[in-house]
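Commentary on secondary and tertiary structure
So the chains spell out like this:
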Amino acid sequence: MLEGALVITGPTASGKSALALALAQQVDIEIISADSAQVYRGMNIGTAKPSAGVLADVPHHLIDIRDPVEPYSAADFRQDLLTLVPDIQRRDRLPVIVGGTMLYLKALKNGLADLPAADQAVREEISVQAASHGWSSVHRELQGIDPDAARRIQPTDTQRLQRALEVYRLTGSTLTELHRRSTTPCPFPLTEIGILPDDRKKLHQVIEDRFLDMLDKGFVEEVAALKSKPENHKGLPALRAVGYRQIWSYLEGRTDYDSMVQEGIVATRQLAKRQYTWLRSWEGLVTQKSADLAEVLKIVSRGSISK
RNA sequence: GGCUGGGUGGCAGAGUGGUCAUGCAGCGGUCUGCAACACCGUUUACGCCGGUUCGAUUCCGACCCCAGCCU
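Parameters at a glance
- Residues numbered from 1 in each chain as written.
- Chains lettered and ligands numbered in written order.
- Predicted model: local features only at pLDDT ≥ 70, side-chain atom pairs only at ≥ 80, totals over all residues.
- Heavy atoms only, no water.
- Helix = DSSP H or I, 4+ residues; strand = E, 2+ residues; numbered from the N terminus.
- Rg over C-alpha atoms; globule rule 2.2 N^0.38 Å.
- Buried < 20%, exposed > 50% of the residue type's maximum accessible area, 1.4 Å probe, protein only.
- Contact = heavy atoms within 4.5 Å.
- Areas by Shrake-Rupley, 256 points an atom, 1.4 Å probe, with all protein chains shown as cover.
- Lys, Arg positive; Asp, Glu negative; His and termini not counted.
- Charge placed at Lys NZ, Arg CZ, Asp CG, Glu CD.
- Near = heavy atom within 4 Å.
- Polar contact = N/O pair within 3.5 Å; in protein donor to acceptor, adjacent residues only side chain to side chain.
- Phe/Tyr/Trp six-rings, centres within 6.5 Å; stacked < 30°, edge-to-face > 60°.
- pLDDT = per-residue confidence, 0-100.
- Pairing = 2+ DSSP bridges.
- Core = buried A, V, L, I, M, F, W, Y, C linked by side-chain atoms within 4.5 Å.
- Axes fitted to C-alpha atoms, helices over the stretch in contact; angles between N-to-C directions.
- Parallel < 35°, antiparallel > 145°, perpendicular 65-115°, else oblique.
- Nonpolar A, V, L, I, M, F, W, Y, C, P; charged D, E, K, R; others polar.

The next thing to look at is the overall build of chain A. Tallying secondary structure elements over chain A gives 14 helices and 6 strands in all. Over its C-alpha trace chain A gives a radius of gyration of 21 Å, about what one expects of a compact globule, namely 19 Å for 307 residues. Principal axes of the C-alpha set define a box for chain A whose edges measure 60 × 50 × 35 Å. In chain A, buried positions account for 45% of the 307 residues. Excluding contacts between residues fewer than 6 apart, the proportion of contacts in chain A whose partners are at least 24 apart in sequence is 75%. For chain A, the accessible surface area stands at approximately 15,500 Å², while carbon and sulfur atoms represent 49% of it. Here chain A carries 38 positive and 39 negative side-chain charges, and the mean point of each set is 5 Å from the other.

Structure representation (structure tokens):
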């Protein structure tokens, strides 16, 4: 039996989940979702979350563990995996990590530096500053504090800019300095399989079909339900997910239905493209052009990858 | 048949006698607590045929196509 954990990743709509479920028919596994959107309750159709039936059949983790107002993060994911994987192994099952949120997988694989968690108050402070003086002034400030980070981070990349400054204000140390200290990589071995369809046109078609299918299944109603809750707002990471953001905007009357559909499909294609970018340079990745259960079974029983 | 306006990259849409429109899409890339995020880079044009010109997408003429108006 394979040591450590098996990872099945790939761009959206490449068939990761189906492959994992097929594997579950043959091997005693528990699935850990590596998906930044499936963690949220009430987000089912648009995240292609496994059905209740499937969830009852095969043990799944990290699905429906947050409300949309409670942001989840790569650090949370890594922390959760560090306890989940050994737990599953103690049950004599193979942990299978399935998902396409590459930052989460990277945080697990390479570890994270010892940085402070997000701090809403500090972020707010920086946002206010940016609102009155502009992000370029924030960038200039960072230049004085951490020139290396300022060089890496574009003045327009407001999110990372804010983070770099946040870390400094919280710790008094620069992001660059903290990154230099070693991070702890994953304590258990990872065997990583990536499904990378080589026919992009075909994947685009699958993406379009799937998005239309989600709409048929009530995606708009799902977003409307989320929108009707007063605590939810469109700035939440959860609600900026592909499809949710576009439908929310449509529900606000900002676009017509057809444009919304187009925008949703486009956003999904772009997500897939970014995932390819991560995966092309992923070290140690065993790639498949399409889901290949037989090969996965070989890898699992062999206990190692020889390729 | 006549008159007028127009034909610009996959789409939208400016403009100019010789240098880059731009936006979107597509493609490539970056990525350390928002990552399905945020951001960076980038390919493809001037309806057709002639003429004027050192040089035409831009000026002139014919033709084709589209829209509107007239007969």
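Back to the text.
A few words now on the protein's contact with RNA strand B. Taken together, 44 residues are adjacent to RNA strand B, and S36, R160, R240, R274 and R280 come closest. Each atom of RNA strand B within 4 Å of the protein belongs either to a base or to sugar and phosphate, the latter forming 53%. Residue R163 places a side-chain N or O atom 3.1 Å away from a phosphate oxygen belonging to RNA strand B. Of all the secondary-structure elements, those providing two or more residues to the surface near RNA strand B are α4 (102-110), α8 (158-171), α10 (200-216) and α13 (257-280). Here the element with the most residues in the surface near RNA strand B is α13; it accounts for 9 residues.

To continue, consider the packing of aromatic side chains. To describe a pair of aromatic rings, you give the distance between the ring centres and the angle between the ring planes. Counted by the stated rule, this structure contains 6 aromatic pairs. With a centroid separation of 5.5 Å and an interplanar angle of 75 degrees, the aromatic rings of Y250 and Y257 are classed as edge-to-face. Both rings, one in W278 and one in W282, keep their centres 6.4 Å apart while their planes meet at 65 degrees; by these two values the pair is edge-to-face. The partly exposed category is assigned to W278, whose relative accessible area is 33%. The class of W282 is buried, set by a relative accessible area of 11%. Chaining the aromatic ring pairs together yields one cluster made of Y72, F77 and Y104.

Let us look at the confidence of the model for chain A. Predicted confidence across chain A gives a mean pLDDT of 95, with 98% of residues reaching 70 or more. Both scores are available for the predicted complex, with the pTM at 0.93 and the ipTM at 0.92.

Once that is clear, we can look at unusual backbone geometry. Of note, L62 is a non-glycine position whose phi angle comes to about 65 degrees, a positive value. Positionally, L62 belongs in the loop between β3 (60-61) and α3 (74-90).

Here we come to the pairing of strand β1 (residues 5-9). Buried residues dominate β1, accounting for 5 of its 5 residues. Here β1 shows no split at all, with A5, V7 and T9 on one side and L6 and I8 on the other all buried. With 5 bridges connecting them, β1 and strand β5 (residues 190-195) associate as parallel partners. In the strand pairing of β5, L6 is matched with T191. Relative to strand β4 (residues 94-98), β1 runs parallel, the two sharing 3 bridges. When the bridges of β4 are listed, L6 appears paired with V96.

Core analysis: the biggest nonpolar cluster contains 51 residues, and F77 and I97 have the highest contact counts within it. Mapped onto this core, the elements with two or more residues apiece are β1, α3, α4, α10, α11 (219-227), α12 (244-251) and α13. When near neighbours in sequence (up to four residues on either side) are disregarded, I97 contacts A5, L6, V7, I8, I32, A34, F77, L81, L105, L108 and L190. Residues I8, L19, I195 and V286 belong to the second largest nonpolar core, which totals 20 residues.

Moving on: the sheet that holds β3. Spatially, β3-β2-β4-β1-β5-β6 is the arrangement adopted by the 6 strands of the open sheet, whose pairing is parallel. Single-partner strands in this sheet number two, and they are β3 and β6 (286-288). For strand β2 (residues 29-33) and β3, the ladder comprises 2 bridges, and the chain directions are parallel. Note on β3: the bridge partner recorded for I32 is H61.

Before going further, it helps to spend a moment on the environment of L236. Here L236 shows up in the loop between α11 and α12. Between the C-alpha atoms of L236 and L175, which are 61 residues apart in sequence, the distance is 25 Å. Apart from residues no more than four positions distant in its own chain, L236 is found in contact with P68, V69 and E231.

What follows covers the packing of α11 against α12. Look at α11 against α12: their axes get within 9 Å of each other, and the N-to-C directions meet at 75 degrees. As judged from the angle between their axes, α11 and α12 are roughly perpendicular. Contact with α11, carried on its side by F219, V220, E222, V223, A224, L226 and K227, involves Y244, I247, W248, Y250 and L251 of α12 and no other residues of that element. When its residues are assigned to classes, the contact of α11 with α12 shows 10 nonpolar, no polar and 2 charged.

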